[in-house]
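# Architecture and fold: a report
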Amino acid sequence: MGTRTFGPGPHRLLRNGLPVGACAVADNARTRRKGLLGTDEVAGALWLTRCPSVHMVGMRYPIDVAVLDKEGTVLRVATLRPWLGMTRPRLRAAVTVEAAAGALASWGVEPGDRLAVQYE
């Protein structure tokens, strides 16, 4: 059985207007519900619309998450562990971005930054 990698997506994740990595978008109930489940690693990022919080039940590997408001401002950045990790719903939270553990730090993402998707 081979490694199941999610991504990279067809779009670009922008941090303060500059591209930092590939990005896929989960913009309907089915793709948001599936997220990264069933994968062994993620290449790039997954942008989850209308998703103010996430949990790690069923996940096999740690991930970074950024919780954003509706304008794309980063409210919180965290690394979540498999099975135990979760983000709690936050006032103003609207979007969650998921990436490989360590990716958000390597891209310089921190609270107050503005993230967006550049569709290609």
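Residues numbered from 1 in each chain as written. Predicted model: local features only at pLDDT ≥ 70, side-chain atom pairs only at ≥ 80, totals over all residues. Heavy atoms only, no water.

Going by the annotation in an unreviewed UniProt entry, the name recorded for the chain is DUF192 domain-containing protein, with Flexivirga alba given as the source organism.

### A few points about the pattern of salt bridges
This model, assessed by the stated rule, comprises four salt bridges. Close ionic contact of D40 with R4 constitutes a salt bridge, the shortest N to O distance being 3.7 Å. Taken as a pair, D40 in the loop between helix 1 (29-34) and strand 4 (41-42) and R4 in the segment before strand 1 (5-6) lie far apart in primary sequence, 36 residues in all. Owing to a relative accessible area of 33%, R4 belongs among the partly exposed residues under this scheme. Here D69 ties to R92 by a salt bridge, and the two come within 3.5 Å at their closest N and O atoms. With D69 in strand 6 (residues 63-69) and R92 in the loop between strand 7 (74-80) and strand 8 (93-100), this residue pair connects regions lying 23 residues apart in the sequence. Judged by its relative accessible area of 6%, D69 is buried. Look at R92 and you get exposed, because its relative accessible area is 54%. Here the salt bridges do not stand alone but share partners, grouping R4, D40 and R60 into one network. (Salt bridge = Lys/Arg side-chain N within 4 Å of Asp/Glu carboxyl O. Helix = DSSP H or I, 4+ residues; strand = E, 2+ residues; numbered from the N terminus. Buried < 20%, exposed > 50% of the residue type's maximum accessible area, 1.4 Å probe, protein only.)

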